[in-house]
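Listed here are the chains, written in short residue letters.
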Amino acid sequence: MDTFLQYENNQNKGEKSYMTKKNIGYPFQYGDELTPKMAGNNRKQAVSYSVLIPSIWWYNLGFGEPIQYYSSCLNESKTPIVRIAETSRVNSISRGGDLGKSGPGPRAKADALKNARKTGGGSIFAQGFTPQPQYGLRPINKPLSCRNNVKINQEQFNGNQNLGGSSPSMETMSRRLSQEYTEYQQKFNSPRVSKRFDTKNYDQEKFKELAKDPRAKKEVFHRTTVDEARAALQLEMEGIVDNPQRIEKPICKSVDLDFKVDGPAPYTHMDAKHPVGSEILRKQNRNVDIKTMAYDIGEKIVDQKERFCGLEQGPKSSKNVLHIVDLAYVPSHEKEIVKEYCLKGAEDAGSSDGIQFLNDNK
Amino acid sequence: MENKNRIENFEEKIRLKIRNQTFTNEIDLDQYIEWNALAGIIFVNCRFEELDLLGKVFGSCDFKDCKFNHLSFRKCQFSNCKFENCQIVNSDLTRAEFDDSSFRNCEFLKSDLAASDFRRCELIETTFKNSNLDRIVARDIKCWKLNQLIKIKKSFSFANILKDINSASSDEG
């Protein structure tokens with residue numbers, strides 16, 4: 001469900017356009033959250049005037065009339081929304097100076113007046129409040145006069161996942177952890193080539209642990225390691241493996257598999273593969289078709305199962321190694337081909353046992 | 001034949017060629033990375049220093065007279081790449097995958113190639129010195145050393161073959 005900001009132009013009532021988060025360069029990033037309860041408060045005809053601060057900013061920054069925001073799903077509990085009823089400009093100017101209330105305080109008013117004198121007061125709101133860069137750009141130490149009672153959920157501006165609840169989804173967390181992952185999704189997987197498992201009910205700390213590059217000296221989250229972590233945690237949540245963990249140093253230097261697991265028997269270790277679709281292969285100039293890619297992956301899986309057997313703290317036999325083939329980056333219409341040829345490659349190389357496909361739903 | 005040449009010329013035209021550049025951080029290289037890959041780029045006489053390229057894809061790239069020092073190519077996928085007169089020193093190539101690629105007159109020095117994977121590759125006059133070659137798997141490989149061709153269908157002991165070739169070449173030398 002994509003969130004959106006709805007813009008209603010007072011001068012052209014009835015005409016609505018939807019502005020996505022991307023094209024709103026609006027300083028809501030450190031705002032608070034407004035619940036439907038708050039938004040539906042009828043004691044005031046509209047919502048608190050403080051809600052209008054961003055609206056005024058919007059105007060003063062030259063983007064047009066004050067804006068109105070609505071959640072796309074008002075019935076959802078705790079769904080963050082910001083709602084502003086139609087209010088005249090006059091109303092928006094006359095606000096209380098109490099710092100405990102929303103609206104500009106004495107300091108902001110002084111700033112506003114000062115600015116108005118300097119600039120000649122280009123805006124009709126100049127006497128009420130003139131935005132200064134520091135208010136909009138600094139995420140901390142916000143001037144009291146800029147505080148408002150509106151809570152904005154960061155999720156609205158973060159990725160395209162909004163699954164309800166307050167904790168970040170796995171997708172959102174992945175994007176927060178790794179810039180590389182974010183860019184990968186934006187450039188490479190947008191629009192998404194297929195559906196991918198996502199949830200808010202997961203152990204965030206564990207996810208972070210799994211998403212770290214286990215070999216790096218400092219804390220690094222690569223796109224690859226984040227994708228591996230997602231696959232591992234998904235498998236655990238689906239009850240396919242128990243307690244996946246990164247292999248600690250220095251063991252991981254010799255037993256170079258992605259994870260160790262506590263079961264179920266016979267599995268003690270696990271490794272993840274992330275094949276891509278044919279369009280991506282072409283763009284990467286890899287000069288192989290999707291069938292060859294998948295067949296090779298199958299062969300490599302068999303080789304890899306045997307590769308670390310017998311090493312200290314390694315798998316005892318190839319049967320102890322589970323391979324995940326995560327099809328998150330394979331378009332729906334190619335998933336079956338990839339599965340078929342991957343299994344064929346593994347079969348031809350020895351055995352197709354111990355292979356688990358993820359995100360393979362059409 | 002004429003058609004084929006025309007296509008090759010066309011392909012040659014659209015490939016980006018980078019000469020005499022030194023890449024010392026990932027940002028330098030970022031501008032050439034698209035689709036998580038360096039795709040179809042020809043690097044000539046370039047130096048790559050201390051880059052972490054974990055998990056990147058190299059699709060149909062040519063490296064001529066290039067030097068790689070302290071690089072992490074861990075879990076990188078090299079597909080249809082050509083290395084010619086290259087030196088790879090102190091680099092991490094663990095679990096790197098080389099498919100349909102070739103190495104000619106290249107030298108791996110003090111590099112870690114543990115658990116890397118070579119398939120349908122050609123190694124021509126290429127040496128591995130003081131490098132970790134543990135658990136390399138090779139399929140459909142052709143190695144040339146002193147005009148001798150060695151074909152490998154499948155090998156879990158590719159390291160031993162490479163060591164033999166290296167020692168043979170040093171004996172000759």
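Coordinates for the structure precede this section.
The sections below set out a description of the structure shown in this document.

Cut-offs used in this document
- Residues numbered from 1 in each chain as written.
- Chains lettered and ligands numbered in written order.
- Predicted model: local features only at pLDDT ≥ 70, side-chain atom pairs only at ≥ 80, totals over all residues.
- Heavy atoms only, no water.
- Helix = DSSP H or I, 4+ residues; strand = E, 2+ residues; numbered from the N terminus.
- Buried < 20%, exposed > 50% of the residue type's maximum accessible area, 1.4 Å probe, protein only.
- Contact = heavy atoms within 4.5 Å.
- Areas by Shrake-Rupley, 256 points an atom, 1.4 Å probe, with all protein chains shown as cover.
- Phe/Tyr/Trp six-rings, centres within 6.5 Å; stacked < 30°, edge-to-face > 60°.
- Lys NZ or Arg CZ within 6 Å of the ring centre and 35° of its normal.
- Core = buried A, V, L, I, M, F, W, Y, C linked by side-chain atoms within 4.5 Å.
- Axes fitted to C-alpha atoms, helices over the stretch in contact; angles between N-to-C directions.
- Parallel < 35°, antiparallel > 145°, perpendicular 65-115°, else oblique.
- Left-handed = near helix turned anticlockwise from the far one by under 90°.
- Buried area = accessible area lost by both parts, 1.4 Å probe.
- Salt bridge = Lys/Arg side-chain N within 4 Å of Asp/Glu carboxyl O.
- Nonpolar A, V, L, I, M, F, W, Y, C, P; charged D, E, K, R; others polar.
- Pairing = 2+ DSSP bridges.

### Regarding the overall build of chain B
Link 1 in the chain: A count of helices and strands for chain B gives 3 helices and 20 strands.
Link 2 in the chain: Per-residue burial over chain B gives 51% buried out of 173 residues.
Link 3 in the chain: Relative to all contacts within chain B whose residues are 6 or more apart in sequence, the contacts with residues 24 or more apart total 14%.
Link 4 in the chain: Only carbon and sulfur atoms are counted for the fraction: they give 43% of the accessible area of chain B, which is about 8400 Å².

### Details of the packing of aromatic side chains
Link 1 in the chain: All chains considered together, the criterion is met by 26 aromatic pairs over all chains.
Link 2 in the chain: Pairing Phe58 of chain B with Phe73 of chain B gives two aromatic rings, centres 5.6 Å apart and planes at 80 degrees, and the pair type is edge-to-face. Taken as a pair, Phe58 of chain B in strand S7 (residues 57-59) and Phe73 of chain B in the loop between strand S9 (67-69) and strand S10 (77-79) lie far apart in primary sequence, 15 residues in all.
Link 3 in the chain: We note Arg223 of chain A situated over the ring of Tyr184 of chain A; from NZ or CZ to the ring centre the distance is 3.9 Å.
Link 4 in the chain: For the cation-ring pair, Lys339 of chain A lies above Phe357 of chain A, with the distance from its terminal atom to the ring centre recorded as 5.7 Å.

### Some points on the nonpolar core
Link 1 in the chain: Membership of the largest hydrophobic core comes to 46 residues, with the highest contact counts inside it found for Phe43, Phe48, Phe63, Phe68 and Phe158 of chain B.
Link 2 in the chain: Broken down by secondary-structure element, the contributors of at least two residues to this core are strand S5 (41-44), strand S19 (137-145) and helix H3 (158-172) of chain B.
Link 3 in the chain: Sort the elements by how many residues they give to this core and H3 of chain B lands first, with 4 residues.
Link 4 in the chain: Not counting chain neighbours up to four residues away, the residues in contact with Phe48 of chain B comprise Phe23, Leu29, Phe43, Phe63, Cys66, Lys67, Phe68, Asn69 and Leu71 of chain B.
Link 5 in the chain: Counting 45 residues, the second-largest nonpolar core is a separate cluster that includes Val226, Met270, Ala294 and Ile297 of chain A.

### Observations concerning the packing of helix H12 (residues 290-307) of chain A against helix H13 (residues 332-349) of chain A
Residues and elements named next belong to chain A.
Link 1 in the chain: Where H12 contacts H13, the axes come no closer than 7 Å and their chain directions differ by 40 degrees. The angle between the axes of H12 and H13 places the two elements in the oblique class. Considering how the two elements wind past one another, H12 and H13 form a crossing that is right-handed. On the side of H12, the interface is formed by Ile290, Lys291, Met293, Ala294, Tyr295, Ile297, Gly298, Glu299, Ile301 and Val302, while H13 contributes Glu334, Ile337, Val338, Tyr341, Cys342, Lys344, Gly345, Ala346, Asp348 and Ala349.

### As for the interface of chain A and chain B
Link 1 in the chain: Contact with chain A, which involves 34 residues of that partner, is made by 34 residues of chain B.
Link 2 in the chain: Here chain A meets chain B over a buried area of about 2900 Å², counting both sides, of which 41% is carbon and sulfur.
Link 3 in the chain: In terms of surface lost to chain B, no three residues of chain A exceed Arg286, Lys300 and Arg307 of chain A, which account for 23% of the buried area on that side.
Link 4 in the chain: Taken together, the links from chain A to chain B amount to 14 salt bridges.
Link 5 in the chain: Among the salt bridges present, the one from Arg307 of chain A reaches Asp117 of chain B, with a minimum N-O distance of 3.4 Å.
Link 6 in the chain: Where the side of chain A that touches chain B is concerned, the elements lending two or more residues are helix H7 (179-188), helix H9 (223-237), strand S5 (269-273), helix H11 (278-283) and H12 of chain A.
Link 7 in the chain: No other element matches H12 of chain A, which puts 8 residues into the side of chain A that touches chain B.
Link 8 in the chain: By residue class, the composition of the side of chain A that touches chain B is 8 nonpolar, 8 polar and 18 charged.

### A look at the environment of Ser254 of chain A
Link 1 in the chain: Tracing the sequence through the fold places Ser254 of chain A in helix H10 (residues 251-254).
Link 2 in the chain: Judged by relative accessible area, Ser254 of chain A falls into the partly exposed class, the value being 27%.
Link 3 in the chain: In the structure, Ser254 of chain A is positioned 59 residues away from Gln313 of chain A in sequence and 9.4 Å away in space, judged by C-alpha atoms.
Link 4 in the chain: Discounting chain neighbours no more than four positions away, the residues touching Ser254 of chain A are Phe308 and Leu311 of chain A together with Arg135 of chain B.

### Quick word on the environment of Val255 of chain A
All names here are of chain A.
Link 1 in the chain: Secondary-structure assignment places Val255 in the loop between H10 and strand S4 (259-260).
Link 2 in the chain: Residue class for Val255 comes out buried when judged on its relative accessible area of 0%.
Link 3 in the chain: Taking C-alpha positions, Val255 is 8.8 Å from Arg307, a pair spaced 52 residues apart along the chain.
Link 4 in the chain: Other than its neighbours up to four places away in sequence, Val255 contacts Ile247, His269, Phe308, Leu311, Glu312, Gln313, Gly314 and Pro315.

### Quick word on the sheet that holds strand S7 (residues 355-358) of chain A
Residue and element names in this part refer to chain A.
Link 1 in the chain: With respect to topology, 5 strands assemble into an open sheet ordered S3-S4-S5-S6-S7, the strand pairing being mixed. Looking at strand neighbours, the two that pair on one side only are strand S3 (245-246) and S7, the edges of this open sheet.
Link 2 in the chain: In this structure, strand S6 (residues 321-326) lies alongside S7, joined through 4 bridges in parallel fashion. Paired with Val325 across the strands is Phe357, a residue of S7.
Link 3 in the chain: Along the sheet, H9 contacts S3, S4, S5, S6 and S7; its crossing angle with S6, the most-contacted strand, is approximately 110 degrees.

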